[in-house]
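Close look at the chain arrangement
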Amino acid sequence: MKLQHTVKAVAVLAATLALTAAHADPVQDDQLLINGEEELATQAPAPDHLEGALGDTVYSGWLFRDTDTRAMQKDDFDNPMFLFVDAGLETWSTPEGTADKSCADCHNDIEESMKGVRAQMPKVNDKGELWALENYVNDCRTNRMGAEAWGWNSQEMKNMTAAIGLQSRGMPVAVKIDGEAAPFWEKGKEMYYTRFGQLEMSCANCHEDNFGKNIRSDHLSQGQINGFPLYRLKDQGAVSMHQRFVGCVRDTRGVPFEAGSQEFRELELYVASRGNGLAVETPAVRH
Amino acid sequence: MLISRRGVLAISAGFAGLAMLPISVQAQDAAAAPTQTADEMIAEFTGGAEVAEGDGVKLTAPEIAENGNTVPISVEAPGASEILLIATENPTPGVAKFIFGPLAASQAAATRIRLAKTQDVVAVAKLADGSFVRTAANVKVTIGGCGG
Amino acid sequence: MAENVKPRVRVPKTASKDEVITIKTLISHPMESGQRKDKDGKVIPRSIINRFTAEFNGQLVLDTTLEPAISTNPYLEFDAKVPETGEFKFTWYDDDGSVYEDAHKVEVS
C-alpha cells in the first residue's frame, strides 16, 4: 500500500516536472546591483569539473526568484538579514569566555581579516579535516576564548557567519577541490547524485535535471549556495546551508544527516564547487 | 511560455492532494478565539458610513506571492487621514491601520504581511472630507514544493 | 517575551525644508501570531509589536497599529517632510509592555 502510494507520488512528480518544462528560465533582464553601486555577477562560466552537467553557465538562485524577492536583496536596508549581520558585528567585538577575549582581539578589523574567507569555505584544515566556516568559528570559541561552542544552526552562529560572509560579498566562490580536498570532494559528489528518501530523489534530480522548471509552485534553481546564510521568506529568518540541506533531504521523505555532519560538510564542498566563479552573495534573500 | 502559471497551479492541485509536504501556514487549524470579521472591522473603522469603491486609494500587491509568509504590500490614499488594511481570509483579518500626521509627506506606507491563503486584501481610506473609499487586490498564495 | 529586539532605521542625515524624505524601519521581532502551535499541540501565545509611531520634533508623522498578519521582523516604509532641523523619534510598542525607541537627527539646510 505504502509502496503504491510512493510510486504514485513519483509518477505525479514526474508529470509535474515534465508538464511545467516550458516555465521560466533564469531571468535575463535584471542585474543584482547592491545599494545602487556594487554589481554582483549572478552567472559565470560553468566550472570544468561539471563537464557540461549544467550547460555552459552556472546561475545564482537569485535569478530564479520573483521580482519582489530579487528587489529585497538589492538594498541592504530592505534585506532583513542585515539585522543579523549587525548582531554578528556586535558579537565580533564583545569579549566572552574564560579568556575574556573577543573575535576582534585576535582578528582585529573584520573587514580586513575576514575578506575572502567565505569564498574558500569549506576547506581542509591543518589537521587534514574538512572544516566549514562554522567549525572555524567554534574552534576559536572553545580553544582561544574559552567560550561554549555555538549550535550549528543557532542564531548566534548565523549572525556571525553572515557578518563574516559579507566581507567576501562580490568575490568569486573559489573552493579548492584538488589535493587534500579531493577525497572529500569525491564523497560530496557521490552524495549529490545518490537518491534519498521514499521519493528516491537526488540533489541532481531537481537542481541539475530540472532547474528552471517548477516543482509544484516552487521555481527550481541550480541549488547554488553562494548566498548563505540567507533570509528565507518562508522561514521569516536566517537559514544556514546545512539547514537547507536538511530541508531538501526531508522533502524527499528521507532521514536527513545532521547539520554539521561529515556528510553535509562534504556535500557543502561539492555543491560550493558547482558555483565556483559565482559571486559570494552572503547574505542573500530567497523565498 | 507555453503553459500559464494558472495551468501549473491546476496540475499542482492534484499533487497537493497527496499531502506530500507540510503546509507552512498552520493558521487553518489553530484554536483561535473568535475575532472580528473583516466586515465588522471595516464597519468599526467607518462608523457604519457608506464606503465607495474608488480611485482615492491605491493598493500595490503581487498578483502571486512567492511566499505567503512575507508578502510586500503598499498602500496610498492622497489626502487621507487614515488607512485600514485587511486580509479578508486570514484567521484574524486585521493587518494594520495607518494614521497620518501633519508631517507625513504622503499618505502612503509599505510593509510586509502574512497571507494564510489566496485572498483579497482590502484597503479602506478615510479621506480629508471624512468620506470613505476602498479598494481590493487579489493575491494568490501558492504552496511551494519545498517544505523543509 | 521577545529577546534581542533591535531596531534599524534609515533616515537621511540632511534634507532641505519640506523635501519629501523616505524613511525605512525594521525591527527584529518574531511577531508570534497566536495562531501557531508548538510540538505538543499547544497554541503559542501571541507576542507582537502592536504599535509603531514616528514623530519629528514632537509632531506626528505616522501612527500605526500592527496586527499578527505583519511578518516577522516588521518592516515599514513611509514618507516624511521636515520643516526645520530636528530629530525623528521612532517608537515600537510590544505586547509584553516593552517599548523600543530610536532617534535620528536631520539637519535642514
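For chain C, an unreviewed UniProt entry supplies the name Thiosulfate oxidation carrier complex protein SoxZ and the organism Paracoccus benzoatiresistens.

If you check an unreviewed UniProt entry, chain A appears there as SoxAX cytochrome complex subunit A from Paracoccus benzoatiresistens. Quoted verbatim from the Subunit (unreviewed entry) heading of the UniProt record, the comment on chain A is "Heterodimer of SoxA and SoxX."

Attention shifts here to the pattern of salt bridges. Scanning all chains against the criterion turns up 22 salt bridges over all chains. C:R10 serves as the salt-bridge partner of A:D75, at 3.0 Å between the closest nitrogen and oxygen. Of this pair, A:D75 sits in the loop between helix 2 (67–73) and helix 3 (81–92) while C:R10 sits in strand 1 (residues 7–10), on two different chains. Owing to a relative accessible area of 14%, A:D75 belongs among the buried residues under this scheme. We classify C:R10 as partly exposed; its relative accessible area is 34%. Shared partners join several salt bridges into a network, and the residues in it are A:D75, A:D78, C:R10 and C:K24.

The 6 strands are arranged 2(B)-4(B)-7(B)-6(C)-3(C)-1(C) in an open sheet whose pairing can be described as antiparallel. Strands with a single pairing partner mark the edges of an open sheet, and in this sheet they are strand 2 (58–60) of chain B together with strand 1 of chain C. With direction set aside, neighbouring strand axes in the sheet form an average angle of 15 degrees.

The next point concerns the interface of chain B and chain C. Across the boundary between the two partners, chain B contributes 33 residues, which contact 31 residues of chain C. Between chain B and chain C, a total of about 2600 Å² is buried, with carbon and sulfur atoms accounting for 53% of that surface. The three residues of chain B that bury the most area against chain C are B:L103, B:R112 and B:R114, which together make up 29% of that side's buried surface. Along the contact surface separating chain B from chain C lie 0 salt bridges. Remark: the boundary between chain B and chain C carries 19 residue pairs in polar contact (both at pLDDT 80 or more). Going through the elements one at a time, strand 6 (94–100) and strand 7 (104–113) of chain B are the ones with two or more residues in the side of chain B that touches chain C. Counting residues per element, the side of chain B that touches chain C draws most heavily on strand 7 of chain B, which supplies 9 residues. Alignment of strand 7 of chain B against strand 6 (residues 75–81) of chain C, held across 4 bridges, turns out to be antiparallel. If you follow B:A109 over to strand 6 of chain C, its bridge partner there is C:F78.

Rules of the game
- Residues numbered from 1 in each chain as written.
- Chains lettered and ligands numbered in written order.
- Predicted model: local features only at pLDDT ≥ 70, side-chain atom pairs only at ≥ 80, totals over all residues.
- Heavy atoms only, no water.
- UniProt positions renumbered as here; feature names shortened; annotations may be inferred.
- Salt bridge = Lys/Arg side-chain N within 4 Å of Asp/Glu carboxyl O.
- Helix = DSSP H or I, 4+ residues; strand = E, 2+ residues; numbered from the N terminus.
- Buried < 20%, exposed > 50% of the residue type's maximum accessible area, 1.4 Å probe, protein only.
- Pairing = 2+ DSSP bridges.
- Axes fitted to C-alpha atoms, helices over the stretch in contact; angles between N-to-C directions.
- Contact = heavy atoms within 4.5 Å.
- Buried area = accessible area lost by both parts, 1.4 Å probe.
- Polar contact = N/O pair within 3.5 Å; in protein donor to acceptor, adjacent residues only side chain to side chain.

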